Amino acid sequence: MSAPGAAVSDAPLLVVDDLVKHYRLPREKLLQPGPQVRALQGVSFSLARGRSLGVVGESGSGKSTLARLVMALETPTAGHVRLDGEDLHALPPAALRRARGKLQMVFQDPYGSLDPRRSVLQTVTEPLRMLHGASAAEQRERAAAVLDAVGLRASDLGKYPHEFSGGQRQRIAIARALITRPQLIVADEPVSALDVSVQAQVLNLMQDLQDQFGLAFLFISHDLGVVSLVCDEVIVLYQGRIVERGAPAMLFRAAEHPYTRKLLAAVPGARRDGAE
């Protein structure tokens, strides 16, 4: 490979730079502006290609706001989100639509994220139709391929969400995210609505898909234990700020911030005394 190509491949896939998001709440008094919520306050990090970054925090920490900004579903108050060198929030609509082929999202609720009126084929191929205008034959071929990748069968394409278990529905949601062949998947609490035994299956699947397709994952969760199983690095969000970051093993062994230690206390069997 040439030197210029190597330089591009070594660059981070995702760069979040000093990201700020404020929300204005409804006014309480007629002549006064509504109170302001500072959901994110100067968040910065980068994610390498093919790697996984966990974002951990309790409800209200800003992690879901971060996910929506990375997906360009909302506009930041300040700061930048760069994917593969492109500032997503500065792109015109047509260019943003093309860029969306590089990133997809898996949502928390496998029941609510799938339209019960749509077949698996219609659900899985929806991003492909919106972004690429693929032919019906190509849509079906690629849908069958991604179903196989997530452990389902091509014969499932004609079925509907109610015919599947919760874990299978989340596999369908992951297949939908895979069909555009993205470089990054933002997973927002992807296993929190599943039984513990099924959680492990889905997490193992995501790791296998990362190895198979070279995916990068931004993994959003309230559970530091879950994130530690699948992520190379973890950042801890508290009141819209990053208060700690590091490899999962380091955080389990020597967390410094009181909020991180609080999250660790909720992990069954976590060792926080320095022992391996």
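Bear in mind the structure is a predicted one, so any value in this text is a computation, not a measurement. (Residues numbered from 1 in each chain as written. Predicted model: local features only at pLDDT ≥ 70, side-chain atom pairs only at ≥ 80, totals over all residues. Heavy atoms only, no water.)

Broken down by element type, the protein chain carries ten helices and ten strands. For the protein chain, the C-alpha radius of gyration of 20 Å lies close to 19 Å, the compact-globule estimate for 276 residues. Principal-axis analysis of the C-alpha atoms places the extent of the protein chain at approximately 55 × 55 × 50 Å. Burial analysis of the protein chain (276 residues in total) assigns 46% to the buried set. (Helix = DSSP H or I, 4+ residues; strand = E, 2+ residues; numbered from the N terminus. Rg over C-alpha atoms; globule rule 2.2 N^0.38 Å. Buried < 20%, exposed > 50% of the residue type's maximum accessible area, 1.4 Å probe, protein only.)

The volume enclosed by the largest pocket comes to roughly 420 Å³. Lining the largest pocket are 13 residues; nearest its centre among them are Met71, Arg100, Gln104, Pro127 and Met130. Of all the secondary-structure elements, those providing two or more residues to the lining of the largest pocket are strand E6 (103-106) and helix H4 (120-132). Tallying contributions element by element places H4 first for the lining of the largest pocket, with four residues. Its residues assigned to classes, the lining of the largest pocket comprises eight nonpolar, one polar and four charged. Volume-wise, the second largest pocket comes out at about 210 Å³. Secondary-structure elements contributing two or more residues to the lining of the second largest pocket are helix H5 (136-149) and helix H7 (196-213). With five residues, the single largest contributor to the lining of the second largest pocket is H5. (1 Å grid on protein atoms, 1.4 Å probe; cavity = no way out; pocket = protein on both sides within 12 Å on 5 of 7 lines; lining within 4 Å. Points joined across faces, edges and corners; volume = space filled by probe spheres on them. Nonpolar A, V, L, I, M, F, W, Y, C, P; charged D, E, K, R; others polar.)

Our focus in this paragraph is the packing of helix H6 (residues 166-178) against H7. Closest axis-to-axis distance for the H6/H7 pair is 10 Å, and the angle between their directions is 20°. The pairing of H6 with H7 is recorded here as roughly parallel in orientation. Here H6 runs over H7; the crossing is right-handed. Of the residues in H7, those in contact with Gly167, Gln170, Arg171, Ile174 and Leu178 of H6 are Val198, Gln201, Val202, Leu205, Met206, Leu209 and Phe213. Among the residues making up the contact of H6 with H7, the classes are represented as eight nonpolar, three polar and one charged. (Axes fitted to C-alpha atoms, helices over the stretch in contact; angles between N-to-C directions. Parallel < 35°, antiparallel > 145°, perpendicular 65-115°, else oblique. Left-handed = near helix turned anticlockwise from the far one by under 90°. Contact = heavy atoms within 4.5 Å.)

A few words on empty space enclosed by the protein. Under the defined criterion, the tally for this structure stands at one cavity of 30 Å³ or more. Lining the largest cavity, in full, are Ser52, Met206, Gln207, Gln210, Phe217, Phe219 and Val230. When contributions to the lining of the largest cavity are tallied by element, the ones reaching two or more residues are H7 and strand E8 (216-221). The biggest single contributor to the lining of the largest cavity is H7, with three residues. Tallied by class, residues from the lining of the largest cavity come to four nonpolar, three polar and no charged.

Here we come to the pairing of strand E9 (residues 233-238). By the bridge criterion, four bridges tie strand E3 (residues 52-56) to E9 in an arrangement that is parallel. The residue bridging Val55 from the neighbouring strand is Ile235, located in E9. Pairing geometry for E9 and strand E10 (residues 241-246), over five bridges, is antiparallel. Pairing of Leu237 across the sheet is with Ile242, part of E10. (Pairing = 2+ DSSP bridges.)

Another point: the environment of Gln170. Within the secondary structure layout, Gln170 lies in helix H6. In this structure the C-alpha to C-alpha distance between Gln170 and Leu88, which are 82 residues apart in sequence, comes to 27 Å. If we skip the residues at most four places from it in the chain, Gln170 touches Val106, Phe107, Gln108, Pro110, Pro190, Leu194 and Val202.

When strand E1 (residues 14-24) meets strand E2 (residues 36-47), the two strands line up antiparallel, connected through nine bridges. Across the sheet, residue Val16 finds its bridge partner in E2, namely Phe45. In this structure, E1 lies alongside strand E4 (residues 78-83), joined through five bridges in antiparallel fashion. Note that in E4 the partner of Val15 across the bridge is Arg82.

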